[in-house]
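Letter by letter, the chains look like this.
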Amino acid sequence: MAWPSNKSCAEPRALKSFARNHRPVRVADLVAERRTAGARSCIATRGIWGALARVHFRVMWVPVSAQVYPENLARKRTAITTLPCLLALVLTASCTPKTSEINEPVVAPKAFSATGSGKMSERFWQAFADEKLDALVQSALASNLDLKSSYYRIVEFRAMARKEGAAKIPTLSATVGAQLRHPVPFQNDYLRLGLETSYEVDLWGRIASAQKAAVFRAQASEADWQALRISLAAEVCSTWYQIVEARAQELLLRQQLQTNEALLTMVQSLYDGGQASSVDELRQTQVVSDSKTRTLAVEVEIATLRNRLDQLLGNVPHTLKAQGAGPLPSIPGLPETGIPADLIKRRPDVQSAYLLLQASDRDLASAISNRYPRLSLSAQIGTRGGSGVTLFRDWFATLAANLIAPIIDGGLRRAEVDRVRAITKQRLFAYGQASLVAIREVEDALIREANQAERIRFLEEQVALAKQSYAQLEVEYLNGIATYTDLLTTLSTEQELQRSLLQAQRVAIEFRIALYRALAGGFESEKERQ
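Everything numeric in this text was worked out from a predicted model, so none of it was measured.

1. Notes on the packing of aromatic side chains
Logical step 1: Applying the stated criterion across every chain yields a total of 9 aromatic pairs.
Logical step 2: An angle of 70° between the planes, with centres 5.4 Å apart, marks the rings of W204 and Y372 as edge-to-face. You can see W204 sitting in the loop between strand 6 (190-201) and helix 7 (206-272) and its partner Y372 sitting in the loop between helix 10 (348-369) and strand 7 (374-385), a full 168 residues away along the chain.
Logical step 3: In this structure Y372 comes out as buried when scored by relative accessible area, which is 7%.
Logical step 4: On the numbers, 5.4 Å between centres and 50° between planes, the contact of Y354 with Y431 is tilted. Of the two residues, Y354 sits in helix 10 while Y431 sits in helix 11 (residues 412-478), which places them 77 residues apart along the sequence.
Logical step 5: Among the aromatic side chains, those forming a connected cluster through ring pairs are F124, W125, F128, Y241 and Y516.

Below, the structure is given as structure tokens:
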């Protein structure tokens, strides 16, 4: 595929790794209903939080020359107040969020209404054994602009996941400072170099939960990318076979035009011999004109379908050259449909809904953890001097810790928990709906394909009967037994049935494509294979 060569933009792996590593979907395993019952045990301790709302302790080592900086002698001390911090941690240990289970929104049936013995290929379009179609699908997967846009959504969400994970690593900064005062004495001038670091201790898993939520969203974007690839391949197949059917219709209409013109010649000969009326000649002339109009309409349809195929391949109209198309292919044997539970785990769109549900669950955990105290650590080391000569003579270092607990926020954090919990409920039912749609699409395709096969069989019988009727009436018309109206009606019926049969055969292929699309679970690209 023609993806950017930048290594940071490498194609994501196919979602079959999800299906391989993903355990059976059990929504009951989600930590979606995080209750704050544990926080109720903290009510008795809330009076203490007023004193411990901001506990600060600092260890400072300042061996600085008193002759150069006499004011620093007052700062040379060690103040360690760790006891309040330990007490705060003990009091908040009982405030860990509790979890409870919820039931799955959809119970999948044990089996589908029908199944076959054929093996379902990941590259389902190759089941039609059409080399031209295979080349078109590969070109679309490499050049479609919507697919490229979806790919860079994966890059975006992966960057967001790295951004959230950065909070788990301490930050380190370098500081450089200089001060020159005039006309105050020279000793007020100074130079300063140092390093500063800070780190937030993830006591309640708030940072880890936020990072996991971002990772799940990145995985969901990969699932969306895979679902779009499947949809794109199916749409290319559908458009291609619409073009094949339209060209077959064009060929059939030209053959019917020749038949109608031959009949018009025969009617004119009979009219010249006094065996037919002028009305018969006029009606047959109208039939010939109607055949020409239908042919022009099909030519327009072929041109617009070709433009649509160009768009799917990422090209401007009229880029794709006219390709010779043979007859519509025969439909392969019915593939093995498997069991609905496996379909739910395999379909990328259902996987995306499930991953978004997991992301909302982690967001909920992060929102609950945000109501608890935060502990942050910071350290600094540096040197300071009045000139370059004395810059590295005296060093200083500091270590500080801050414990901050919310007391009054106007219900802000509780409202955020309620909001995220509502989103999690929405994601839960969206996942259930996606599962229902996946199962319904398979059942719909099975029913439609079975009924379409019956319809094609009936149409073939009707076409054969119409041909026999027309051949018999043509002889009777020449012998003056049948009327022109009977002959024209039979011929029009036969031609309409022929066109309907072609359309029905193409619709049957559409239903098989829909079945493949409903059963598909993603496929690897050429780059991923390499």
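2. Description of the environment of L312
Logical step 1: Secondary-structure assignment places L312 in helix 8 (residues 278-312).
Logical step 2: Along the primary structure L312 and V236 are separated by 76 residues, whereas in three dimensions their C-alpha atoms are 7.0 Å apart.
Logical step 3: If we ignore the near neighbours within four places in the chain, the residues touching L312 are A140, N144, L232, E235, V236 and T239.

3. A few points about empty space enclosed by the protein
Over the atoms rolls a probe the size of a water molecule, and its path tells where empty space is left.
Logical step 1: Taken as a whole and assessed by the stated rule, the structure comprises 2 cavities of 30 Å³ or more.
Logical step 2: Here the largest cavity defines a volume of roughly 60 Å³.
Logical step 3: Surrounding the largest cavity, E200, V201, D202, L203, W204, R206, S369, N370, Y372, P373 and R374 form its lining.
Logical step 4: Taken together, the residues of the lining of the largest cavity break down into 5 nonpolar, 2 polar and 4 charged.

4. Focus on the nonpolar core
Where a protein is soluble and globular, its nonpolar side chains tend to be buried together.
Logical step 1: Core analysis: the largest hydrophobic core is formed by 39 residues, its most contacted members being F124, W125, L133, V137, V236, Y241 and L309.
Logical step 2: Within the residue set of this core, elements represented by two or more residues are helix 5 (131-143), helix 6 (145-165), helix 7, helix 8 and helix 12 (484-519).
Logical step 3: Broken down by element, the residue count for this core peaks at 14 residues, all from helix 7.
Logical step 4: Beyond its immediate sequence surroundings of up to four residues, F124 is in contact with I230, A233, A234, C237, Y516 and A520.
Logical step 5: Counting residues in hydrophobic clusters, the runner-up holds 18 residues, among them F112, L357, I439 and A518.

5. Considerations on the pattern of salt bridges
Logical step 1: Tallied over the entire structure, the rule returns 21 salt bridges.
Logical step 2: Residue R440 pairs with D444 through a salt bridge whose shortest N-O separation is 2.7 Å. Here R440 and its partner D444 are both found in helix 11, 4 residues apart, which amounts to about one turn of the helix.
Logical step 3: The partly exposed category is assigned to R440, whose relative accessible area is 44%.
Logical step 4: Linked through salt bridges whose partners overlap, the residues forming this network are E245, R506 and E510.

6. Remarks on helix 11
Logical step 1: Given a rise of 1.5 Å per residue, 67 residues ought to cover 99 Å, and the 93 Å separating the end C-alpha atoms of helix 11 matches this to within 8%.
Logical step 2: Just beyond helix 11, the residue with positive phi is G480, at close to 75°.

7. Quick look at unusual backbone geometry
Logical step 1: With a phi angle near 55°, A129 is a residue other than glycine that sits in the positive phi range.
Logical step 2: As for its position among the elements, A129 is in the loop between strand 4 (98-100) and helix 5.
Logical step 3: The phi dihedral of H318 falls on the positive side, at around 70°, and the residue is not glycine.
Logical step 4: If you trace the backbone, H318 turns up in the loop between helix 8 and helix 9 (340-346).
Logical step 5: Classification of H318 as exposed rests on a relative accessible area of 69%.

What counts and what doesn't
Residues numbered from 1 in each chain as written. Predicted model: local features only at pLDDT ≥ 70, side-chain atom pairs only at ≥ 80, totals over all residues. Heavy atoms only, no water. Phe/Tyr/Trp six-rings, centres within 6.5 Å; stacked < 30°, edge-to-face > 60°. Helix = DSSP H or I, 4+ residues; strand = E, 2+ residues; numbered from the N terminus. Buried < 20%, exposed > 50% of the residue type's maximum accessible area, 1.4 Å probe, protein only. Contact = heavy atoms within 4.5 Å. 1 Å grid on protein atoms, 1.4 Å probe; cavity = no way out; pocket = protein on both sides within 12 Å on 5 of 7 lines; lining within 4 Å. Points joined across faces, edges and corners; volume = space filled by probe spheres on them. Nonpolar A, V, L, I, M, F, W, Y, C, P; charged D, E, K, R; others polar. Core = buried A, V, L, I, M, F, W, Y, C linked by side-chain atoms within 4.5 Å. Salt bridge = Lys/Arg side-chain N within 4 Å of Asp/Glu carboxyl O. Expected span 1.5 Å × (residues − 1).

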